[in-house]
Amino acid sequence: MDLQYGPRYEAFRAEVRNFLEAHKPEKPVGSLNPEVRHELVAWLSLQIDHGYWARTIPETYGGFGAEPDLLETVIMDEEFNRAGVARGMAAQGPSMLVPTLLEHGTEEQRSRWIGPTMRGEVIWAQGYSEPGSGSDLASLTTSAREDGDDFLISGQKIWTSGADKSDMMFVLVRTEPEADKHAGISYLLVPVGSPGIEVQPLRTMSGSIGENSFNQVFFTDVRVPQSSVVGRRGEGWKIANTTLKHERNSLNSNAEGTLLRLTRLMRQESANGVCTLESPLFRDRLMQLQARALSMKHHGMRMLTCSLKEERAGVAGLVTKLQNCQLNFDMSSLAIDVMGELGVLYDHTKYERDRGYWQAHSFFSLGLIIGGGTAQIQKNIISERGLGLPREPKPAPA
Amino acid sequence: MDFGLSEEQLLLEKTLRSFLADEVPIGRVRELRDAECPNDVGIWRSLAELGATGILVPESLGGSDLSLLDAALVAQSLGHAVTPAPFLGSAVMVPIAFRALAGSETDGWLRGIAAGEIRFGVAATELFSIREEAGTVLSDGKLNGKAMMAMDSCAADFILLTPDAGRLAVVRGDAPGLEATRLATTDATRCATELLFAEVAPEAVFEGAEAVIERMLDAGRIALAADTLGACESMIEQAVAYAGQRKQFDRLIGSFQAVKHMCAEMIAELEPARSLLWYAAHAFDTMPEEAPLLACHALAHISEIGREISSVATQVHGGIGWTDEQNLHFWFKRISAARHMLGGPAWLRERAASLQGLV
Ligand SMILES: Cc1cc2nc3c(=O)[nH]c(=O)nc-3n(C[C@H](O)[C@H](O)[C@H](O)COP(=O)(O)OP(=O)(O)OC[C@H]3O[C@@H](n4cnc5c(N)ncnc54)[C@H](O)[C@@H]3O)c2cc1C
């Protein structure tokens, strides 16, 4: 155990701080809106030039090319959080596709996609779930038939976050209909603008707030070259699992920041003339959440240490998603309770607190409990892969 | 930067666990529940030979001068094996307090602890909970009054007492005027004692010890949290093993999703709590200003998950889990007795809030 920063890292922290002071954008620039996308691209490119984003990605692929260093990552996150600015972009491309390409992509795929993805020039959606295949993802039926050097994709994806604002999708399709369930799937990179793709946005429970959109994506004979496969044909299931692993790792939320925000709210809110922080019941709940937030923060550091030392985290590595998502939901629940009957105000109405942040956060965290593998599926994984409990016996075929 | 255990720490843990498995198996713990005091001298001596009792004692006094994180790993192993030993008071709280006091007056005691020749009880309950009109008064060099639920004090050689939040007193276990009565509790692996003082002359009194006492309690809380964490760890191991062996409806019960999810939930609570504990112990060693808050949170949180895990792990066993014979109750009761030993979860959380200026 050694959490000393030492002079080299303190210097690095000062460097990050100076950068943020000099360059911190006046207003948030996360929007994927085409008219303002150049702002996002410029801001991400600047971060890459200074090494605060795409830091460990090789320069040949558009990254900064630094050696992985846990402490630098921690410092960057701390300083960006402190400044209230997002580091890089929390999106499916950088967090899921890029690590997958680094692990399984061809040289051509890496050179072509990693740089533009990290710079926000190319936005990705994840096309996994289908109406009939969610938790049982391997049962998916969207197919890709061979046609000369190409594939023709037909079928339907659903719950595709951000597809309406994306340029590309990484999609799981069945390329080998004869093979068994898991062996017949391939991982394809598909331009969302391809002829034959129709994206239909779905309204979510968050309603008007937030940029999180849900979509259905219909494929009718969508043509992509066979070179769009990542890894080998029929290995899509394995590849998808690396992607999911990255998704679950990247769900390491800033619980501490949310807790600070919740504490601020409790200081400000009062009912019957009493500040809610003065209520022993609310305060106790806040402290329970703080202990959980601290646990998850340090658990994250422990997991990062494991991955840097290339040690297996074992079962400890499998619990992060389950615990973080529930913690986030529980924090927003306390916030909503603290606001009492005004906790339901929404849509920027009069008297709404924090511009509706807490209801939106609550909806969003509920979504994350389900998305990327539901809590129940997480528990299956934890108990079977983590604890070695026997798998569910397969029912005899009907 | 490295957030994890060192090779030496992993080795320490391994050595201790295999020693406890061989020398203090659950059968031995069962025998000791009928003893007058479960804190067996032989176990204490063996722990001393392994270097565990002197883990926080300076090398010049025969100890190994390690960190609180190392001590927490020992506590965790003792909790894992539900070993009866006055480790928390004698090997953690007392050395932390004595080392923080100036002067060499306490050297002899520390040397005795490291050698396994001296066992200390600790009487500090009244600093956070006063019941049954307990309380001790130290005036004109004499102690009078009553201390409740004193730790490991019925057969201790010495007792470290806090007559108030600013003073520490050391009393001989056999001092004239001191009456120690062990109170039966559910937890057969620990000793809780009522101490009655009538004109007892302490061996030593340390004034102005407020900060020392706080630090001693922080260390105790972190080590106690470690003990509970270790006990939880063992209960989960036992539940998972049982689920992989017991059959009902022609299947291993561990293949039922309800049972799997119980196990998953337990481990999902345990692992992040372990990370919190490591950090709290490390903060105690290297970031003293953060330690009081983390000590409160670590103990409160681990006490809470301990209650849940001890119940669920028992349920995984079905009826046999509820029997004396299966032994699970030793862990269950050790966890439940720890819950209020150095401040219950609600009290600790209120303290955590006040440490941050939220009260
Ligand atoms: C906010 C959000 C964002 C999403 N973004 C994307 C995206 O970008 N791309 C994408 O492809 N998908 C996305 N999804 C879809 C998500 O991956 C699926 O919703 C999820 O995997 C569950 O599948 P399902 O909806 O079909 O539910 P089902 O699988 O039908 O599950 C319904 C219920 O049954 C339970 N259940 C199912 N199987 C089991 C089992 N074996 N054991 C125990 N319980 C079981 C589930 O836990 C759940 O409670 C998103 C979902 C959400 C909520």
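Nothing here was measured: the structure is a model prediction, and the numbers come from that model.

### Description of the site of the ligand
At step 1: Close contacts around the ligand come from 19 residues, with A:Gln126, A:Ser129, A:Ser135, A:Ser161 and A:Thr374 the closest.
At step 2: The ligand is flanked by residues contributed from chains A and B.
At step 3: The separation between an oxygen atom of the ligand and a polar main-chain atom of A:Ser129 is 2.7 Å.
At step 4: One of the side-chain nitrogen or oxygen atoms of A:Thr374 is found 2.7 Å away from an oxygen atom of the ligand.
At step 5: About the coverage of the ligand: the protein hides 66% of its 960 Å² of free accessible area.
At step 6: Of all elements in the fold, only helix 11 (357-370) and helix 12 (375-386) of chain A reach the threshold of two or more residues within the shell around the ligand.
At step 7: A per-element tally of the shell around the ligand places helix 12 of chain A first, with three residues.
At step 8: Each of domain 2 (124-232) and domain 3 (251-386) of chain A accounts for three or more of the residues forming the shell around the ligand.

### Re the packing of aromatic side chains
At step 1: Across all of its chains, the model carries 21 aromatic pairs over all chains by this definition.
At step 2: Centre to centre, the rings of A:Phe19 and A:Tyr52 are 4.8 Å apart; their planes meet at 65°, and the pair counts as edge-to-face. Within this pair, whereas A:Phe19 is found in helix 1 (residues 6-23), its partner A:Tyr52 is found in the loop between helix 2 (37-50) and helix 3 (70-83), the two being separated by 33 residues in sequence. Across this residue pair, the class does not change: A:Phe19 and A:Tyr52 are buried.
At step 3: The interplanar angle of 35° and the centroid separation of 5.6 Å between the aromatic rings of B:Phe98 and B:Trp109 together place this pair among those described as tilted.

### Observations concerning the side chain of A:Thr276
At step 1: Note on placement: A:Thr276 falls in the loop between strand 10 (274-275) and helix 8 (280-308).
At step 2: Residues contacting A:Thr276, with those up to four places away along its chain left out, are A:Met266, A:Glu269, A:Ser270, A:Phe282 and A:Val338.

### Considering the domain arrangement of chain B
Residue and element names in this part refer to chain B.
At step 1: Domain parsing of chain B yields domain 1 (7-118), domain 2 (121-208) and domain 3 (211-355).
At step 2: Placing the centre of domain 1 and that of domain 3 at their C-alpha centroids yields a distance of 21 Å.
At step 3: Counting from both sides, the interface comprises 25 residues of domain 1 and, opposite them, 32 residues of domain 3.
At step 4: Overall, the association of domain 1 and domain 3 removes approximately 2,300 Å² of surface from exposure, summing both partners, and the carbon and sulfur fraction of that is 70%.
At step 5: Our count for the contact surface shared by domain 1 and domain 3 stands at three salt bridges.
At step 6: Its salt-bridge partner being Asp324, residue Arg33 comes within 3.0 Å of it at the nearest N-O pair.
At step 7: In this structure, the connection of domain 1 to domain 3 is made through 11 residue pairs in polar contact (both at pLDDT 80 or more).
At step 8: Looking at the side of domain 1 that touches domain 3, the elements with two or more residues in it are helix 2 (26-32), helix 4 (68-80) and helix 5 (87-100).
At step 9: By residue number, the principal contributor to the side of domain 1 that touches domain 3 is helix 4, which donates nine residues.
At step 10: A breakdown of the residues in the side of domain 1 that touches domain 3 according to their chemical character gives 17 nonpolar, five polar and three charged.

### Observations regarding helix 7 (residues 255-268) of chain A
Residues and elements named next belong to chain A.
At step 1: Over its 14 residues, helix 7 extends 20 Å from the first C-alpha to the last, a length consistent with the 20 Å expected when each residue adds 1.5 Å.
At step 2: Within the sequence span of helix 7, burial applies to Ala255, Thr258, Leu259, Leu262, Thr263, Leu265 and Met266. The arc that holds every buried residue of helix 7, seen down its axis, measures 160°, which confines them to one face. Helix 7 presents Leu260 and Gln268 as exposed residues on the side facing more than 90 degrees away from its buried surface.
At step 3: Check the buried side of helix 7 and you find it contacts strand 10, helix 8, helix 10 (320-338) and helix 11.

### Notes on the environment of A:Pro395
Residue and element names in this part refer to chain A.
At step 1: Turning to its location among the elements, Pro395 is positioned in the segment after helix 12.
At step 2: Given the relative accessible area of 72%, Pro395 is considered exposed.
At step 3: Note: C-alpha distance between Pro395 and Leu46 (349 residues apart in sequence) is 55 Å.

### Some words on the domain arrangement of chain A
Residue and element names in this part refer to chain A.
At step 1: Assigned domains of chain A: these are domain 1 (7-89), domain 2 (124-232) and domain 3 (251-386).
At step 2: Computed from C-alpha atoms alone, the centre-to-centre distance between domain 2 and domain 3 is 31 Å.
At step 3: On the side of domain 3, 10 residues touch domain 2, which itself brings six residues to the contact.
At step 4: Summing the contributions of domain 2 and of domain 3, the shared interface buries around 650 Å²; its carbon and sulfur component is 68%.
At step 5: Remark: the boundary between domain 2 and domain 3 carries zero salt bridges.

### Some words on the interface of chain A and chain B
At step 1: Counting residues at the interface gives 42 residues for chain A, matched by 45 residues for chain B.
At step 2: In this assembly, chain A packs against chain B so that about 4,000 Å² is buried in total across both faces, 64% of it on carbon and sulfur atoms.
At step 3: Our count for the contact surface shared by chain A and chain B stands at seven salt bridges.
At step 4: For the salt bridge of B:Glu350 with A:Arg283, the shortest nitrogen-to-oxygen distance reads 2.3 Å.
At step 5: Viewed at the interface, chain B and chain A are joined by 18 residue pairs in polar contact (both at pLDDT 80 or more).
At step 6: At the level of secondary structure, the elements contributing two or more residues to the side of chain A that touches chain B comprise helix 3, helix 7, helix 8, helix 9 (315-318), helix 10 and helix 12 of chain A.
At step 7: For the side of chain A that touches chain B, the element with the highest residue contribution is helix 8 of chain A, accounting for 16 residues.
At step 8: In terms of residue class, the side of chain A that touches chain B is made up of 20 nonpolar, 11 polar and 11 charged.

### Concerning the pattern of salt bridges
At step 1: For the coordinates displayed, the defined rule picks out 55 salt bridges over all chains.
At step 2: Linking A:Asp69 and A:Arg8 is a salt bridge whose minimum nitrogen-to-oxygen distance equals 3.4 Å. Of this pair, A:Asp69 sits in the loop between helix 2 and helix 3 while A:Arg8 sits in helix 1, placing them 61 residues apart in sequence.
At step 3: Given a relative accessible area of 16%, A:Asp69 falls into the buried group.
At step 4: Notably, a salt bridge pairs B:Asp164 with B:Arg167, separated by 3.0 Å at the nearest N-O pair.
At step 5: Shared partners join several salt bridges into a network, and the residues in it are A:Glu10, A:Arg13, A:Arg17, A:Glu78, A:Glu79 and A:Arg82.

### Describing the nonpolar core
At step 1: A:Leu262, B:Phe87, B:Phe98, B:Phe120 and B:Leu168 are the most contacted members of the largest nonpolar core, which has 148 residues in total.
At step 2: One finds A:Leu40, A:Ile57, A:Tyr128 and A:Phe170 within the second-largest nonpolar core, a separate group that totals 33 residues.

The rules behind each value
Residues numbered from 1 in each chain as written. Chains lettered and ligands numbered in written order. Predicted model: local features only at pLDDT ≥ 70, side-chain atom pairs only at ≥ 80, totals over all residues. Heavy atoms only, no water. Near = heavy atom within 4 Å. Polar contact = N/O pair within 3.5 Å; in protein donor to acceptor, adjacent residues only side chain to side chain. Areas by Shrake-Rupley, 256 points an atom, 1.4 Å probe, with all protein chains shown as cover. Helix = DSSP H or I, 4+ residues; strand = E, 2+ residues; numbered from the N terminus. Domains from an automatic or database assignment. Phe/Tyr/Trp six-rings, centres within 6.5 Å; stacked < 30°, edge-to-face > 60°. Buried < 20%, exposed > 50% of the residue type's maximum accessible area, 1.4 Å probe, protein only. Contact = heavy atoms within 4.5 Å. Buried area = accessible area lost by both parts, 1.4 Å probe. Salt bridge = Lys/Arg side-chain N within 4 Å of Asp/Glu carboxyl O. Nonpolar A, V, L, I, M, F, W, Y, C, P; charged D, E, K, R; others polar. Expected span 1.5 Å × (residues − 1). Arc of directions from axis to C-beta. Core = buried A, V, L, I, M, F, W, Y, C linked by side-chain atoms within 4.5 Å.

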